[in-house]
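Tertiary structure, described
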Amino acid sequence: MTFPPGGQPPQQGPQYPQQPTEYPPPTGYPQGGYPPPPPGRQPSRKSKVGLIVGLVVVVLLALGGVVVLGAVLTAHGKGPLASDGKRIEVAVHDFYDTLESKGFRAAAAKACAADRAEFEALPEEQKQEFESATVAVNIDKIENIVITGETATAHIVGKLTLEVPGQAPDTDTSTTEHLKKEDGKWKVCSAGSGKN
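Everything numeric in this text was worked out from a predicted model, so none of it was measured. (Residues numbered from 1 in each chain as written. Predicted model: local features only at pLDDT ≥ 70, side-chain atom pairs only at ≥ 80, totals over all residues. Heavy atoms only, no water.)

1. Section: the sheet that holds strand 3 (residues 170–182)
- Within the open sheet, the four strands sit side by side as 1-2-3-4. Their pairing is antiparallel. Because the sheet does not close on itself, it has two edges, and the strands there are strand 1 (134–148) and strand 4 (185–188). Averaged over all pairs of adjacent strands, the angle between their axes in this sheet comes to 30 degrees, without regard to strand direction.
- Pairing geometry for strand 1 and strand 2 (residues 151–163), over twelve bridges, is antiparallel. Paired with Ile139 across the strands is Gly158, a residue of strand 2.
- Contacts from helix 2 (residues 84–102) reach strand 1, strand 2, strand 3 and strand 4 within the one sheet, and its direction differs from that of strand 1 by about 160 degrees. (Pairing = 2+ DSSP bridges. Helix = DSSP H or I, 4+ residues; strand = E, 2+ residues; numbered from the N terminus. Axes fitted to C-alpha atoms, helices over the stretch in contact; angles between N-to-C directions. Contact = heavy atoms within 4.5 Å.)

So this is what it looks like as structure tokens:
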């Protein structure tokens, strides 16, 4: 066998293993070996800024809505920041609106525990007499609210007409209402006040 000049046997080409274990990624590709997204699909800085601005606007609108809702509830005596005076006004209106639209039994359910107990202790005949009565209420204003701890009084100006079948209508143009705070809520409470 003759060797070419230089005395070495000819090279037969590079020897590769039968199954390659891993190829390094082509240059320019990220470490995972996947090509980067096409240039038209890359998010631009403008779209990120727009997204952030949009999210900030949504958050500000939501916070503004919460503030407005809180202010409306507070103004109506129902929010957590409402004053006791405003809550007393709401309790009086709620009691008399219920009395006018649903009757004594429903109004008694909104009163203090002592008034509810007095109403429940009445003979059924007397309860029926109350239920047959009609009440018309028009409150013009609630004034002179005086709070003493867990009790209060409020002067009510308006017109309250009570009509019991077989009797002449009874109309009042003003009254002083007594209230008691129970479980954090003001409730009309005439029991023990000398007003019945």
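2. Notes on the pairing of strand 3
- Looking at chain direction, strand 2 and strand 3 are connected through ten bridges and run antiparallel. Paired with Thr153 across the bridge in strand 3 is His178.
- The pairing of strand 3 with strand 4 spans four bridges and is classified as antiparallel. Bridge pairing in strand 4 links Lys181 to Trp186.
- Where strand 3 folds back onto strand 4 in an antiparallel hairpin, the turn is made up of two residues, including Asp183, whose phi is positive at roughly 55 degrees.

3. Focus: the packing of aromatic side chains
- Enumeration according to the criterion identifies three aromatic pairs in this entry.
- Their ring planes at 90 degrees and their centres at 5.3 Å tell us that Phe95 and Tyr96 sit as a pair that is edge-to-face. Each of the two residues, Phe95 as well as Tyr96, counts as buried.
- Considering the side-chain rings of Phe104 and Phe130, the 4.8 Å spacing of their centres and the 50 degrees angle between planes classify their relative orientation as tilted. Of this pair, Phe104 sits in helix 3 (residues 104–110) while Phe130 is found in helix 5 (residues 124–132), placing the two residues 26 residues apart along the sequence. (Phe/Tyr/Trp six-rings, centres within 6.5 Å; stacked < 30°, edge-to-face > 60°. Buried < 20%, exposed > 50% of the residue type's maximum accessible area, 1.4 Å probe, protein only.)

4. Things to note about the state of the cysteines
- Counted under the stated rule, the structure contains one disulfide.
- One disulfide in the model links Cys112 with Cys189; its S-S distance is 2.1 Å. One quick way to see it: the torsion about the S-S bond of Cys112 and Cys189 is about 65 degrees, and its sign makes the bridge right-handed. Here Cys112, found in the loop between helix 3 and helix 4 (113–121), pairs with Cys189, found in the segment after strand 4; they are 77 residues apart in sequence, far enough to count as distant. Comparing Cys112 with Cys189 shows no difference in burial state: the two are buried. (Disulfide = S-S within 2.5 Å.)

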